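Coordinates in review
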Amino acid sequence: MTMSVVGCGYLGAVHAASMASLGHRVVGLDIDANKIRSLESGTAPFFEPGLPELLLRDQENGSLEFSTDFHAAAEADLHFICVGTPQREGEHRANLDYVDAAFASIASVAKEGAVLVGKSTVPVGTAERLSREVAASRPDLTVAWNPEFLREGHAVEDTLRPDRLVYGVADPDAPSRAAELLDAVYASAIEAGTPRLVVNLPTAELVKTAANSFLATKISFVNAMAEMCEVSGANVTQLADAIGHDERIGRKFLNAGIGFGGGCLPKDIRAFSARAGELGAEEALTFLREIDLINMRRRSRAVEAMRQMAGGSLIGVTVGVLGTAFKPFSDDVRDSPALSIAQQLQLQGATVRVTDPEAVENSRRRFPELSYTDSMEAAVSDADIVAVLTEWTEYRSLTPADLEPHVRGRRVFDGRNVLDREAFASAGWTYQGVGR
Ligand code: UDX
């Protein structure tokens, strides 16, 4: 298949490289010349395991190219629109300017009968509106929606081996060229038995926001249970293990901690609520506001817990923060609970020394006032409190003996419940986890 991928950010760069690795001919398009230059040299503009190797290999064998000129997409049968839909400044709604511009640009160059496939996460109703707008100037083109469920840090693997394929088309009961072309694109996944669902356009859009809302709800649910554990003396990790054995509940996404962040879950639940309001169905999603509140409360409670550990004030206290990425195997600090906590500690008077295996540069750009280092030892040097805020493998295995030569005080805040609590307690440390 010959295809274009419009928008070479997280979603698009991974999609373009993964599709090329399946043997398709792909041109990746972006209006940002710097991003295109970086991708051409095999450098991903973000940390994603496996992506640089694919970028180099696909470009070498000629299956992948990048361009800022949309005319390079003129011969493509399909165009995947992968541009961002960030939260609008000062409100909860999604900003659709990039999606609208991408559809308009592609519609102006696409060949006769091409299919325009949206992958961006959009408010329900967007695909039908875009179908009407595209049809006004190019009735030969078709708009379909094919949501993407990739997780950062596992993006290549999730794209090549998705757990389901969802195609949103105008009429799911009739054979469609869009479904036929998408079947050819995903032939290897379909052959491997990946479930494939053909649904109408609003269902396809909702599948994505519903899935992210469910995941956010699971995390906030267990974090609310952590609050109950804290006031009752129960242990949230054991509670999650026990309820997780019920296969209707499942153990995944029941890790209590400092909450969810990143470029998707926080903004998606807010945009979803805003859309419900626009459609007169606000009540259906009022619970998402509570999910958001529970999540944000984790951050202030973490700061409060460390203030208590320091004896009631953070002024003059040194905190060594391990981890600022919103999750391990990522350098993404968008809405990262870890980085937000580090900043709040500093605002309350603490000296905050921060490190992360991949996210130091992005963190520094966001909050230059914190003190950054690439070395774990330097971050915890003379620390009164060590705070593990992102569960990178190297932090999970930390023992008291690893930290003792460097720290000033034996206090550890385990924001992801990954340390060996008994080991720290028996070595004379004050250990504070979340809900245990
Ligand atoms: C998410 C969805 O998982 C993915 O399907 C969608 O396409 C994009 O949004 P991602 O943002 O990469 O993916 O991260 P995810 O792995 O879902 O983690 C989100 C946040 O939840 C992280 O901050 C993580 O630390 C937190 N989390 C996750 C918990 O606090 N507890 C858990 O049990 C799981």
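This structure is a prediction, so every number in the text was calculated from the model and none was measured.

**Notes on the side chain of Arg298**
Relative to the assigned elements, Arg298 resides in helix α12 (residues 286-309). Judged by relative accessible area, Arg298 falls into the buried class, the value being 4%. For Arg298, the side chain forms a polar contact with the main-chain oxygen of Gly257, separated by 3.4 Å. Apart from the residues lying within four places of it in its own chain, the contact partners of Arg298 are Asn223, Ala226, Glu227, Glu230, Gly257, Ile258, Gly259 and Val434.

**Quick word on the pairing of strand β12 (residues 385-388)**
Because side chains alternate across β12, one face comprises the buried residues Ile385 and Ala387, and the other comprises Val386 and Val388, equally buried. Here four bridges tie strand β9 (residues 318-322) to β12, and the two strands are oriented parallel to one another. Looking at β12, one finds that Gly320 is bridged to Val386. Here β12 runs beside strand β13 (residues 411-414); their pairing, made up of three bridges, is parallel. The residue of β13 that forms the bridge with Ala387 is Phe413.

**Notes on the sheet that holds strand β14 (residues 430-432)**
Spatially, the six strands line up as an open sheet ordered β11-β10-β9-β12-β13-β14, and their pairing is parallel. Only two strands of the sheet have a single partner each, and these edge strands are β11 (371-372) and β14. Where α12 meets the sheet, its contacts fall on β9, β12, β13 and β14, and the angle it forms with β13 comes to roughly 170 degrees. Helix α13 (residues 337-347) rests against β9, β10 (351-355) and β11 of the sheet, and its axis sits at about 160 degrees to β10.

**Looking at the side chain of Arg275**
In this structure, Arg275 sits in helix α11 (residues 265-278). A polar atom in the side chain of Arg275 sits 2.7 Å from the side chain of Glu278. With sequence-adjacent residues up to four places away left out, Arg275 is seen in contact with Pro123, Val124 and Gly125.

**With respect to helix α10 (residues 236-244)**
Within α10, burial applies to Val236, Ala240 and Gly244. For α10, the arc enclosing every buried residue in end-on projection is 70 degrees, short of the 170-degree limit, so these residues lie on one face. Relative to its buried face, α10 has exposed residues pointing more than 90 degrees away, namely Gln238 and Ala242. Taking the backbone nitrogen of Thr237 as reference, a side-chain oxygen 2.9 Å away marks Asn235 as the first, capping residue of α10.

**Details of the site of the ligand**
Around the ligand there are 20 residues in total, and Phe149, Leu150, Glu152, Asn255 and Phe326 lie nearest to it. Here an oxygen atom of the ligand sits 2.8 Å away from a polar atom, N or O, in the main chain of Phe149. In this structure, an oxygen atom belonging to the ligand sits 3.4 Å away from a main-chain N or O atom of Leu254. For the ligand, whose free accessible area comes to 670 Å², the fraction covered by protein is 92%. Residue contributions to the shell around the ligand peak at four residues, all from helix α9 (residues 201-232). Within the shell around the ligand, the residues separate by chemical class into 10 nonpolar, four polar and six charged.

**Examining the domain arrangement of the protein**
Per the domain assignment, the segments of the protein are domain 1 (2-194), domain 2 (209-292) and domain 3 (297-432). Contacts between domain 1 and domain 3 engage six residues on the former and nine residues on the latter. Buried area between domain 1 and domain 3, both sides added, is near 620 Å², and the carbon and sulfur share of it is 50%. Contact with domain 3 buries surface across domain 1, with Phe47, Glu152 and Gly153 losing the most and accounting together for 79% of the total. On inspection of domain 1 and its partner domain 3, the count reaches one salt bridge. Between Arg334 and Glu152 there is a salt bridge; the shortest N-O distance is 3.2 Å. Counting across the interface, domain 1 meets domain 3 through four residue pairs in polar contact (both at pLDDT 80 or more).

**Regarding the packing of α11 against α12**
Their axes nearest at 10 Å, the elements α11 and α12 cross at an angle of 150 degrees. On the basis of the axis angle, α11 is roughly antiparallel to α12. The interaxial crossing formed by α11 with α12 has left-handed handedness. Residues Ile269, Arg270, Phe272 and Ser273 of α11 touch α12, and the partners they reach there are Leu288, Ile291, Asp292 and Met296. Considering only residue class, the contact of α11 with α12 consists of five nonpolar, one polar and two charged.

**Digging into the packing of aromatic side chains**
What the rule picks out here adds up to five aromatic pairs. Ring geometry for Tyr10 against Phe46: centres 4.2 Å apart, planes inclined by 20 degrees, an arrangement best described as stacked. You can see Tyr10 sitting in helix α1 (residues 10-21) and its partner Phe46 sitting in the loop between α2 (33-40) and α3 (51-60), a full 36 residues away along the chain. For Phe46, a relative accessible area of 12% puts it in the buried group. Measuring from ring centre to ring centre gives 5.2 Å for Phe424 and Trp429, while their planes differ by 85 degrees; the resulting arrangement is edge-to-face. When its relative accessible area of 1% is taken as the criterion, Phe424 is described as buried. The ring of Phe149 has Arg164 sitting right over it, with the charged end atom 3.5 Å from the ring centre.

Rules used in this analysis
Residues numbered from 1 in each chain as written. Predicted model: local features only at pLDDT ≥ 70, side-chain atom pairs only at ≥ 80, totals over all residues. Heavy atoms only, no water. Helix = DSSP H or I, 4+ residues; strand = E, 2+ residues; numbered from the N terminus. Buried < 20%, exposed > 50% of the residue type's maximum accessible area, 1.4 Å probe, protein only. Polar contact = N/O pair within 3.5 Å; in protein donor to acceptor, adjacent residues only side chain to side chain. Contact = heavy atoms within 4.5 Å. Pairing = 2+ DSSP bridges. Axes fitted to C-alpha atoms, helices over the stretch in contact; angles between N-to-C directions. Arc of directions from axis to C-beta. Near = heavy atom within 4 Å. Areas by Shrake-Rupley, 256 points an atom, 1.4 Å probe, with all protein chains shown as cover. Nonpolar A, V, L, I, M, F, W, Y, C, P; charged D, E, K, R; others polar. Domains from an automatic or database assignment. Buried area = accessible area lost by both parts, 1.4 Å probe. Salt bridge = Lys/Arg side-chain N within 4 Å of Asp/Glu carboxyl O. Parallel < 35°, antiparallel > 145°, perpendicular 65-115°, else oblique. Left-handed = near helix turned anticlockwise from the far one by under 90°. Phe/Tyr/Trp six-rings, centres within 6.5 Å; stacked < 30°, edge-to-face > 60°. Lys NZ or Arg CZ within 6 Å of the ring centre and 35° of its normal.

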